[in-house]
Amino acid sequence: MKKNIRFSNLDRSEIIQNLSKNKFDLIVIGGGITGGGIALDAASRGLKVALVEKGDFASGTSSKSTKLIHGGLRYLKQFDFWLVKEVGSERAIVHKLAPHLVLPEKMLLPLIEGGSYGKWLTSIGLKVYDILAQVSGDDKRKMLEKKEALELEPLLPKKKLKGAGYYAEYRTDDARLTIENIKTALTYGAVPLNYTEVTGFVYTSGIVSGVHITDGLSGKEFTVKSSYVINAAGPWVDELRSMNNSKNGKRLHLTKGVHLVFPHKKLPVKQSVYFDVPDGRMIFAIPRGKITYVGTTDTNYEQDKDSVKLDLADALYLISAVNNMFPKIYLKMEDIISSWAGLRPLIHEEGKSVSELSRKDEIFVSDTGLISMAGGKLTGYRKMAERAVNLLSKKMEEDEGIELPECQTDQIPLCGNEFKKSKHVKKYISEIFERIKAEGFEQYDAWYLVTTYGKQTETILEYYSKQKDKDPYIRMAKAELQYGINYELIATPMDYFIRRTGRLYFDIESVSYLLDPILDEFQKVFKSEELQILSWREKMLQEIDEHSIFSLDRA
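Residues numbered from 1 in each chain as written. Predicted model: local features only at pLDDT ≥ 70, side-chain atom pairs only at ≥ 80, totals over all residues. Heavy atoms only, no water.

**Thoughts on the overall build of the protein chain**
Secondary structure assignment for the protein chain yields 17 helices and 18 strands. Here the C-alpha atoms of the protein chain give a radius of gyration of 23 Å, agreeing with the 24 Å that 2.2 N^0.38 yields for 555 residues. Each principal axis of the C-alpha atoms in the protein chain carries an extent, and together these give about 70 × 60 × 50 Å. Going through the 555 residues of the protein chain one by one, you find that 61% of them count as buried. Long-range contacts, defined here as pairs at least 24 residues apart, represent 72% of the contacts in the protein chain between residues at least 6 apart. Where the 79 positive side-chain charges of the protein chain centre and where its 76 negative ones centre are 5 Å apart. (Helix = DSSP H or I, 4+ residues; strand = E, 2+ residues; numbered from the N terminus. Rg over C-alpha atoms; globule rule 2.2 N^0.38 Å. Buried < 20%, exposed > 50% of the residue type's maximum accessible area, 1.4 Å probe, protein only. Contact = heavy atoms within 4.5 Å. Lys, Arg positive; Asp, Glu negative; His and termini not counted. Charge placed at Lys NZ, Arg CZ, Asp CG, Glu CD.)

Below, the structure is given as C-alpha cells:
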C-alpha cells in the first residue's frame, strides 16, 4: 500500500509558516472540486502550488451535488452536444482514477404516457448519448419493454408505464472526490490549507501577485505571494472579482438544488431511476446503502450563500414528484431523515430560465491578471482544471518563456486507489468484511469503509486495533477520526461528520450516537477547551436539526 502523507491541522502553524515564507508559482483560491482539480493539474506539471479555502474543503457546492458522475442526458434536449460529449467521455476516466469512489450505476429512465420522453426519441437520444460519450460493451443503452422495466423496478406505475431506457452512469461522494484530489496534489508538493479566507489581493506593478489571508481558526492574518492566482471559489467567484475590481461583463447566476434523504425501506427502489415530474423537469431517485435520496430542485437563489437551507416548498415539490411516479409509495414529510441544499454557480444569460442556463464553464481574465473560473459540472472537473492550467501555461510562456508539460491527470490515480477494475473493489470489500465481521460488523460497514477510503482502509483498521472502547462501532468511528485528523486536515467535528464520512447525509442516526465519543476524542487530540467542545456540540446538533424534518416545523 502507498504511504500516506501527513496532512494535519496539528501542524497548522508550520503549514502557515510555509505558505507565508515562500513564494509560489500559483495560488488557487477555493477548495472545492474545481480548485482541487486545478491544484492537482498544476502541481503534477511541476508548479509550486498553494491552495486556500475559506471554510473546509468541499464545504460549498462540492458536497451538495446529486453525487453522480454522469453524462448529462438532459443536455441533449438543449442540443448541447459538446457538453454531453465531454462529460460523457470523462465518466470512464474519473472511474478509472478512483474505482472505489466512482461506482458504476445503472440508470432506469421510465417512459410514461404524456411524459417528457417518447420511446422513439429516447431510443435515438440514448444512441446519440452512447456515441458522444464513447460508451462500449455492457454499458451501452438498452430499450426495455414494459414487462422488463417492471421486473427491474416493480414500484413504477403499471398503468402509465410504456417501457424504459436503461443506461450506465456512475455514483460518487463529491466531498470525498474533492479531498482525494487535494491529497493527491499534496503528493506533488502542493500546499493546501482549509479555513483560510482571502481578504484582499497583493499587487506588484498593477498585477496580482498574492493574497492577504485571515486564518479562520486563530483570527491571525498573513500574506501568501505568488506569480499567478486562480479564483475557483464557486458561488463566491464574483465576490473575489469585485474585490479585484474586475466584475464586469459576464456574471454568475446562482440556482439552488435540494435533495431529500429517506430510509431505504420507505423508498425501496432497487436501482437508480431518472424520472419525469409533471412540470417537465427530471428528478433522480438513488439508493445508497441504508438510504435513498431524491433530487434535485432548480430555483433562483439570491440569499445568504453561506446558509443555503431546505424550505417547505422544496420538500413538498420533491415528495409530490416521488409519490406521482411511484404510486405504491406514499412518502410524507415525517419520512425525511436528512437533506442537503447547495448552489450551482452558473453563467448568467439574459432571457433564459433557470433550467435553460448552460452548465458550461468559462474563464475570465482581469486586467490585473486574476484568472477566474466559473460554471461547469462535477463530472467535468478534470477537463475544467486542464483548461485553466493550459491558459496559465500559455501566460507563463508569454510572460517568462517557461513551457509547461501537457496535462497528465487522466493517468494519475487518486489517493486510495490501488484497484485496476470494479471487480477488484468488490473483492476487497469481501476481504474487509471477512476481517471485521467477527467484531459484529455487517457487510454494509465493509462496503462503507472501502467506498469511502479505498485501500486507505488499511490504516483505519490499524488505528482500530489500538482503540480501547468496548463498542466496536465507536472504536471504528474513532479510528476514522484519527485517520482524518492525521491525513485529511480535519479541524472540526463538522468536517468529520459531514464531509469526510458523509454520515450527516447517509447515516444520520449514527451522528447522535457517536457525537459525544467523537467530541471526547477532539478534546484529547486538539487539547480543546470545554467552551469549544460545547460550541461544537451545539453546532452539530444544529446541523442535525437543519438537515432534517424538524427544521421545516419552524419554516
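Once the structure has been displayed, the description carries forward.
**A closer look at a negative patch on the surface**
A contiguous patch of negative charge, built from Glu397, Glu398, Asp399, Glu400, Glu403 and Glu406, is present on the exposed surface. The topology assignment puts Asp399 in helix H9 (residues 381-400). (Patch = residues over 30% accessible without salt bridge, like charges linked within 9 Å, V, L, I, M, F, W, Y side chains within 5 Å. Areas by Shrake-Rupley, 256 points an atom, 1.4 Å probe, with all protein chains shown as cover. Salt bridge = Lys/Arg side-chain N within 4 Å of Asp/Glu carboxyl O.)

**Looking at helix H14 (residues 493-500)**
With eight of its eight residues buried, H14 lies for the most part within the structure. For H14, the complete set of buried residues consists of Pro493, Met494, Asp495, Tyr496, Phe497, Ile498, Arg499 and Arg500. Those residues of H14 that are buried are in contact with helix H6 (174-187), helix H11 (443-453), helix H13 (472-487), helix H15 (503-506), helix H16 (508-526) and helix H17 (530-546). After H14 finishes, the residue Gly502 shows a positive phi value of roughly 70°.

**Some remarks on the pairing of strand E10 (residues 221-231)**
Taken together, the six bridges between strand E1 (residues 23-29) and E10 define a ladder with parallel strand orientation. Looking across to E10, one finds that Val28 is bridged to Ile230. If you look at the hairpin formed by strand E9 (residues 207-215) and E10, you'll find five residues sitting between the two strands, and Gly219 has a positive phi there, around 85°. Relative to strand E18 (residues 371-375), E10 runs parallel, the two sharing two bridges. (Pairing = 2+ DSSP bridges.)

**A word on the pattern of salt bridges**
Across all of its chains, the model carries 33 salt bridges by this definition. For Arg475, the salt bridge identified is with Glu439, shortest N-O distance 2.6 Å. Note that Arg475 is positioned in helix H13 and Glu439 in the loop between helix H10 (422-436) and H11, a separation of 36 residues in sequence. The exposure class assigned to Arg475 is buried, which follows from its relative accessible area of 12%. Overall, Glu439 belongs to the partly exposed group, its relative accessible area being 35%. Its salt-bridge partner being Asp495, residue Arg499 comes within 3.0 Å of it at the nearest N-O pair. Of this pair, Arg499 and Asp495 both sit in helix H14, separated by four residues, roughly a single helical turn. For the pair Arg499 and Asp495, one class covers both residues: buried. Each of Asp56, Asp495, Arg499 and Arg500 takes part in salt bridges that share partners, so that together they form one network.

**What about the state of the cysteines?**
Scanning all chains against the criterion turns up zero disulfides. Cysteine Cys407 is unpaired, with the sulfur of Cys415 as its nearest cysteine sulfur at 17 Å. Given the relative accessible area of 16%, Cys407 is considered buried. (Disulfide = S-S within 2.5 Å.)

**Notes on a nonpolar patch on the surface**
A cluster of nonpolar residues, Trp120, Leu121 and Ile124, forms a patch on the protein surface that exposes about 360 Å² of accessible area. Mapped onto the secondary structure, Ile124 falls in helix H4 (residues 119-132). Of the residues examined, Ile124 reaches a relative accessible area of 40% and is grouped as partly exposed.

**Description of the environment of Leu310**
Here Leu310 is to be found in the loop between strand E15 (299-300) and helix H8 (312-325). The sequence separation of Leu310 and His547 amounts to 237 residues, and the corresponding C-alpha distance is 7.4 Å.

**Focus: the pairing of strand E8 (residues 196-204)**
As defined by bridge partners, E8 adjoins E9 across eight bridges and the pair is classed as antiparallel. Each bridged residue has a counterpart across the sheet, and for Thr196 the counterpart in E9 is Asp215.

**A look at the packing of aromatic side chains**
Taken as a whole and judged by the stated rule, the model has 19 aromatic pairs. Aromatic side chains Tyr293 and Trp340 sit 5.1 Å apart centroid to centroid with 55° between the ring planes, which places their arrangement in the tilted category. Here Tyr293 is found in strand E14 (residues 291-295), whereas its partner Trp340 is found in strand E16 (residues 338-347), with 47 residues between them in sequence. Relative accessible area serves as the criterion here: at 1%, Trp340 is assigned to the buried category. Ring geometry for Tyr505 against Phe506: centres 6.2 Å apart, planes inclined by 75°, an arrangement best described as edge-to-face. (Phe/Tyr/Trp six-rings, centres within 6.5 Å; stacked < 30°, edge-to-face > 60°.)

**Concerning unusual backbone geometry**
Each neighbour pair has its own omega, and for Gly295 with Thr296 the value is 20°, a cis peptide bond. Along the chain, Thr296 turns up in the loop between E14 and E15. The phi torsion at Lys67 lies on the positive side, around 60°, for a residue other than glycine. Examined against the element boundaries, Lys67 turns out to sit in the loop between strand E2 (49-52) and strand E3 (68-69). Its relative accessible area of 1% is what places Lys67 among the buried residues.

**Notes on the nonpolar core**
Formed by 107 residues in total, the largest nonpolar core has its most connected members in Ile38, Leu177 and Phe326. Examining the composition of this core, we find that seven residues originate from one element, H9, more than from any other. In contact with Leu177, other than residues within four places in its own chain, are Ile33, Ile69, Val94, Leu101, Val102, Thr172, Leu378, Tyr381 and Leu414. In terms of nonpolar packing, the next biggest core, distinct from the first, is built from 37 residues, Tyr129, Val261, Met494 and Phe522 among them. (Core = buried A, V, L, I, M, F, W, Y, C linked by side-chain atoms within 4.5 Å.)

**Some details on the environment of Tyr167**
Considering the arrangement of structural elements, one finds Tyr167 in strand E6 (residues 161-171). Using a relative accessible area of 1% as the deciding quantity, one classes Tyr167 as buried. Once the C-alpha coordinates of Tyr167 and Gly369 are considered, the two residues, 202 residues apart in sequence, prove to be 44 Å apart.

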